[in-house]
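Fold and contact review
In case you want the letters, here they are:
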Amino acid sequence: RRGRAMESASKRTKTGGGAEVNYRILALYRFVPLAAPEEAEASLALSNIRTELLEALRRHDVKGTLLIAPEGINGTISYPWSASDTDSAASSSDLCQSPSTNDDDDDDDPVHTYLGTHPLFGGPELRTRISQWTSSSPPFHRLKVKIKSEIVTLGLGRPMVQRIPRYDPNERVECNRLADPNSTKGTYLSPAEWDDVCRDPDILVIDTRNRYEIDIGTFESSVDPGTENFSDFPSYLEKLAGEYDWGYNSEAVTDSRANPSDGQSAVPCKKKPPKGIAMFCTGGIRCEKATSFALQSELLPSELPIYHLEGGILAYLDDVAKRKKCSVNSPKDSEDGQEGSSEDRKENSSTFHGECFVFDKRVAVTEGLRPSSIYSSCHGCRGPIERRLLDPSTRCTTGMSRESMERHDALVISLEQSGLGKPPPLCHDKKSGRSYIPGLTCPRCHDCTNRESLEKFAMRKLQVELCGRDGRSHFE
């Protein structure tokens with residue numbers, strides 16, 4: 001029954017008839033040794049896995065990206081799916097279970113079953129998160145399975161896996177052991193337990209995502225490490241560890257340790273250390289590796305508790321929506337007859353504010369993993385941009401610096417000479433105080449984008465528009 005529905009939806013997608021199709025979006029990862037990185041056969045082993053995945057997933061019109069590396073598998077894919085009332089329950093499944101214990105809904109999903117029972121990375125340790133999306137075009141345009149050195153790049157010297165048959169062992173393989181979740185990692189906290197941690201002033205909550213992701217939403221009281229890439233996180237944690245007095249006592253913290261009157265400069269006092277550290281990310285994979293590094297690097301005291309949010313923000317937003325729904329359907333009456341006590345309302349409130357950036361056409365999601373209605377994707381950096389900035393009726397074309405205007409004038413001349421037409425006008429975002437070009441750049445990336453890149457963005461934008469006029473999909 002499900003197979004026929006998927007084939008029918010697949011045909012509608014391929015014909016490009018414009019009909020809306022229901023898609024399942026499946027995010028997954030697992031840290032599991034798929035190949036020994038120090039062995040010359042590692043590339044061959046991963047290449048064989050890649051070939052098998054491509055052949056199996058193409059049968060079901062799967063699109064998206066999977067990364068495989070010696071340390072495991074990670075990625076997000078989508079495929080046509082006939083939605084049913086039971087699908088909403090499937091999104092709460094953190095773990096991919098065997099077919100014997102799955103409900104009928106997942107038994108009928110050949111993609112989920114294939115991945116969940118795979119002999120190399122399947123089983124209960126394969127972390128999955130399912131959500132739904134309805135659109136006339138798929139969340140991804142093609143299927144890619146990439147061989148990488150890491151499934152999430154922390155950049156600690158893990159050797160690169162070369163294309164077969166060549167393999168160049170790296171002398172820094174020993175560094176792999178500083179961030180190996182298969183060896184050790186932080187303690188999981190369920191979404192229901194997470195709010196108490198966020199509200200605990202003695203727990204340091206760290207967002208392990210990148211700055212552009214944090215800008216549109218994060219947990220209250222969390223710390224922004226200011227990283228542009230996940231590989232910056234080890235340096236951040238090393239700096240953070242040095243800010244605290246791990247042998248804390250009140251006198252040491254308040255003592256200036258120097259007398260300015262004697263000509264000595266005061267030594268900055270270190271801060272009182274937290275009683276624990278909790279980390280989170282989008283789907284759980286980055287904080288799993290980050291907590292592993294925190295424990296194995298010996299930058300922090302061995303007795304300091306290290307936690308991380310199980311399933312990441314996606315699991316939390318899914319859980320919050322379900323808690324609120326249950327509260328509405330089955331309200332607890334307090335003694336005074338009002339629906340729900342203050343404790344109930346606190347339990348059902350969310351400590352996450354904003355939206356969660358995701359790496360597909362949805363751009364961002366809210367509670368219940370509903371697609372964002374606020375953000376679109378920047379054609380330049382692919383990060384989030386508020387849709388209000390793309391609306392011609394609300395654009396601001398004043399307030400730009402002279403340098404920005406001169407740069408844009410030069411771009412106009414260059415594009416017209418190249419036959420690409422006149423670009424959109426330069427606009428100003430009053431909120432950030434930055435300039436941008438609608439459809440080409442956003443306030444975040446415009447100032448750091450050179451003219452050559454802007455011309456490439458303009459070319460891509462023109463190709464997308466031409467494909468749209470012809471009713472064809474453009475592989476951006």
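This structure is a prediction, so every number in the text was calculated from the model and none was measured.

1. Observations concerning the nonpolar core
Most often, soluble globular proteins keep nonpolar side chains buried together rather than apart. If you look at the biggest cluster of nonpolar residues, it comprises 28 residues, and the most contacted ones within it are Leu154, Ile206, Phe233, Leu240, Ile277, Met279 and Leu300. Secondary structure elements with two or more residues in this core: strand 1 (21–31), strand 7 (203–207), helix 8 (233–241), strand 9 (276–280) and helix 10 (285–296). Look past the residues within four positions of Leu154 in its chain and what remains in contact with it is Ala179, Phe230, Ser231, Phe233, Pro234, Lys289 and Phe293. Core analysis: the next-biggest nonpolar cluster, separate from the first, contains 25 residues, Leu34, Ala42, Val62 and Tyr79 among them.

2. A closer look at unusual backbone geometry
Of note, Ser221 is a non-glycine position whose phi angle comes to about 70°, a positive value. Look at Ser221 and you get exposed, because its relative accessible area is 52%.

3. Re the packing of aromatic side chains
Each aromatic ring pair is specified by the distance between its two centres and by the angle formed by the two planes. Taken as a whole and assessed by the stated rule, the structure comprises 11 aromatic pairs. Taken together, the ring pairs connect Trp194, Phe219, Phe280, Tyr316 and Phe352 into an aromatic cluster. Residue placement shows Arg24 over the ring face of Trp81; its charged tip is 4.3 Å from the ring centre.

4. What to know about the sheet that holds strand 2 (residues 63–69)
Spatially, 4-1-3-2-5 is the arrangement adopted by the five strands of the open sheet, whose pairing is mixed. Each edge of the open sheet is held by one strand with a lone partner, namely strand 4 (127–135) and strand 5 (143–147). Here the strands of the sheet are splayed against their neighbours by 15° on average, with no regard to which way each runs. Where strand 1 and strand 3 (residues 72–80) come together, nine bridges link them in antiparallel fashion. From the neighbouring strand, Leu28 faces strand 3, where its bridge partner is Gly75. Set on the sheet, helix 2 (residues 42–58) makes contact with strand 2, strand 3 and strand 5; between it and strand 5 the angle comes to about 170°. Across the face of the sheet, helix 10 comes into contact with strand 1 and strand 3 while running at roughly 10° to strand 1.

5. Section: the side chain of His408
You can see His408 is positioned in helix 13 (residues 402–417). In contact with His408, not counting residues within four places along its chain, are Pro423, Pro424, Pro425, Leu426 and Ile437.

6. Some thoughts on the sheet that holds strand 9
Strands sit in the order 6-10-9-7 across an open sheet of four strands; the sheet is parallel. This sheet does not close on itself; its edge strands, each paired only once, are strand 6 (187–189) and strand 7. Strand-to-strand twist across the sheet, computed as the mean angle between neighbouring axes with direction ignored, equals 30°. When strand 9 meets strand 10 (residues 306–309), the two strands line up parallel, connected through three bridges. The partner of Met279 across the bridge, within strand 10, is His308. Along the sheet, helix 6 (residues 191–198) contacts strand 6, strand 7, strand 9 and strand 10; its crossing angle with strand 6, the most-contacted strand, is approximately 100°.

7. Things to note about the pairing of strand 2
Taking burial as the measure, the seven residues of strand 2 include six buried ones, the bulk of the element. Relative to strand 3, strand 2 is paired through seven bridges, and the arrangement is antiparallel. Among the inter-strand pairings, Leu67 is bridged to a residue of strand 3, identified as Asn74. Hairpin connection from strand 2 to strand 3: two residues lie between these consecutive antiparallel strands. Two strands pair when backbone bridges link them, and strand 2 and strand 5 are joined in this way by five bridges, in the parallel orientation. Note that in strand 5 the partner of Leu67 across the bridge is Lys146.

8. Re empty space enclosed by the protein
In total, this model carries two cavities of 30 Å³ or more according to the counting rule given. The computed volume of the second largest cavity comes to approximately 30 Å³. Lining the second largest cavity are Arg407, His408, Leu411, Ile437, His446 and Leu454. When residues of the lining of the second largest cavity are assigned to their parent elements, the largest contribution, three residues, is made by helix 13.

Cut-offs and rules
- Residues numbered from 1 in each chain as written.
- Predicted model: local features only at pLDDT ≥ 70, side-chain atom pairs only at ≥ 80, totals over all residues.
- Heavy atoms only, no water.
- Core = buried A, V, L, I, M, F, W, Y, C linked by side-chain atoms within 4.5 Å.
- Buried < 20%, exposed > 50% of the residue type's maximum accessible area, 1.4 Å probe, protein only.
- Helix = DSSP H or I, 4+ residues; strand = E, 2+ residues; numbered from the N terminus.
- Contact = heavy atoms within 4.5 Å.
- Phe/Tyr/Trp six-rings, centres within 6.5 Å; stacked < 30°, edge-to-face > 60°.
- Lys NZ or Arg CZ within 6 Å of the ring centre and 35° of its normal.
- Pairing = 2+ DSSP bridges.
- Axes fitted to C-alpha atoms, helices over the stretch in contact; angles between N-to-C directions.
- 1 Å grid on protein atoms, 1.4 Å probe; cavity = no way out; pocket = protein on both sides within 12 Å on 5 of 7 lines; lining within 4 Å.
- Points joined across faces, edges and corners; volume = space filled by probe spheres on them.

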